[in-house]
Structures are given as C-alpha cells and as structure tokens.
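The chain contents come next:
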Amino acid sequence: MQAEIRFEGFEGELVDLNGDGARGALVLMLGRHWGGTGGQSMLLFLGMKNGFGYLGRMTCITAPMEGSVCVMDSKTGGWRDLAVRVRGRGAQQKYAAMKFDGARYPLNPTVQSVMADWPDGEFVLVSGDGSAKALAAGRTYFTGLLGKATRLQMGLEHQRGR
C-alpha cells in the first residue's frame, strides 16, 4: 500500500528564466511531505504557450524565510542564475549559485560552492502579494540590500495578509 502524500500549500513566483518572454514558475512546496530538516522542495516550471512544462526541482530551500531565493541578474547560457541561501541569517547569510547547465538547474544547493558576495537580483518567494497573504499575524523580518553594498535587516509588524 502506497502512503498518501498530502498537499499542504505552496508559494509561487512567476519569472522568465530563459529570456523568451514567457514567465515560468518557481513553486515552493510547503508541509512535512515536501521537506525535512534541510528545507523544502522547490519545483521549477518553464513558461510555455499553453501553460507550464516541468523543468526540475531543488531541495534544501529554507524558505519561506527572508532572502532565501534570488533570481540573479547574471545568466549562464541565456538562463537566469538563481542564488539559494545555504546558511546564516541577516548580514551573515551565505548563498550558493545555481546555474543552468543546458538541461537543468542543480538539485541541492548545499553541495554547491558558496558565493563570495551577496547576489544581485530580485529576491522572490519572501515578500509581496504572494507571500504576504501567507504570513501569520505578528512580526516578520526582511533582509536585503540597500544599493550594492549596504546589508539591512528590519522587522515588520503586520496583520495576516496585509
């Protein structure tokens, strides 16, 4: 008998990964069936004319936490590089560059080399309409960059979905 895998929720971000003008999706699966002590699974989908095509997945995503996933400005083979937080919090965060190899992105960021600097790009799956609605009432911390070099962390008081 096969065990049932329950769907407990997700957070998603639409982004054009390969510059073709069609937005694909980064989908962070939430719940105990989609992760463990190392983090959650993130599914990657390519935007297509009539929907989405499965591109791959990544494990050990520590989102939805501040600054966990960044769609970088840099590209490899025409595909946007992704940066995934692998350890630390606040100004001590360290990221792994996840670069498309012509067929897929790497599976596990914890076995990739750590980047020397913070990534340049757009941090996703952590703020804005999509994830703000999923936040529980209380206090949330946002970590980011101000300009090119000033790291900041601020606490936000909020009500659920606002």
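What counts and how
Residues numbered from 1 in each chain as written. Predicted model: local features only at pLDDT ≥ 70, side-chain atom pairs only at ≥ 80, totals over all residues. Heavy atoms only, no water. Helix = DSSP H or I, 4+ residues; strand = E, 2+ residues; numbered from the N terminus. Buried < 20%, exposed > 50% of the residue type's maximum accessible area, 1.4 Å probe, protein only. Areas by Shrake-Rupley, 256 points an atom, 1.4 Å probe, with all protein chains shown as cover. Core = buried A, V, L, I, M, F, W, Y, C linked by side-chain atoms within 4.5 Å. Contact = heavy atoms within 4.5 Å. Pairing = 2+ DSSP bridges. Axes fitted to C-alpha atoms, helices over the stretch in contact; angles between N-to-C directions.

K.L.:
Before we move on, could you go through the overall build of the protein and cite the residues and values that matter?
P.N.:
A tally of helices and strands in the protein yields 1 helix and 11 strands. Counted from the first residue to the last, the protein has its helices and strands arranged as β-β-β-β-β-β-β-β-β-α-β-β. Across the 162 residues that make up the protein, the buried fraction comes to 38%. Carbon and sulfur atoms make up 52% of the accessible area of the protein, which totals about 9400 Å².

K.L.:
An account of the nonpolar core is requested, with residue identities and associated values reported.
P.N.:
Formed by 20 residues in total, the largest nonpolar core has its most connected members in Leu17, Leu26, Met42, Leu44, Met58, Leu82 and Tyr105. Of all elements in the fold, only strand S2 (24-29), strand S4 (39-48), strand S5 (51-61), strand S6 (69-76) and strand S7 (79-87) reach the threshold of two or more residues within this core. With near-sequence residues (within four places) excluded, Leu82 lies in contact with Leu17, Leu44, Met58, Cys70, Val71, Met72, Ala96, Ala97, Met98 and Tyr105.

K.L.:
Which residues make up the sheet that holds S7, and what are the values?
P.N.:
Read across the sheet, 4 strands follow the order S8-S7-S6-S9 without closing on themselves; strand pairing throughout is antiparallel. Whereas interior strands pair on both sides, the edge strands pair on one side only; in this sheet they are strand S8 (94-98) and strand S9 (121-124). Across the sheet, the mean angle from the axis of one strand to that of its neighbour is 35 degrees, orientation sign disregarded. Taken together, the 5 bridges between S6 and S7 define a ladder with antiparallel strand orientation. Within the sheet, the bridge partner assigned to Lys75 lies in S7 and is Arg80.

The analysis is restricted to geometry; functional conclusions fall outside its scope.
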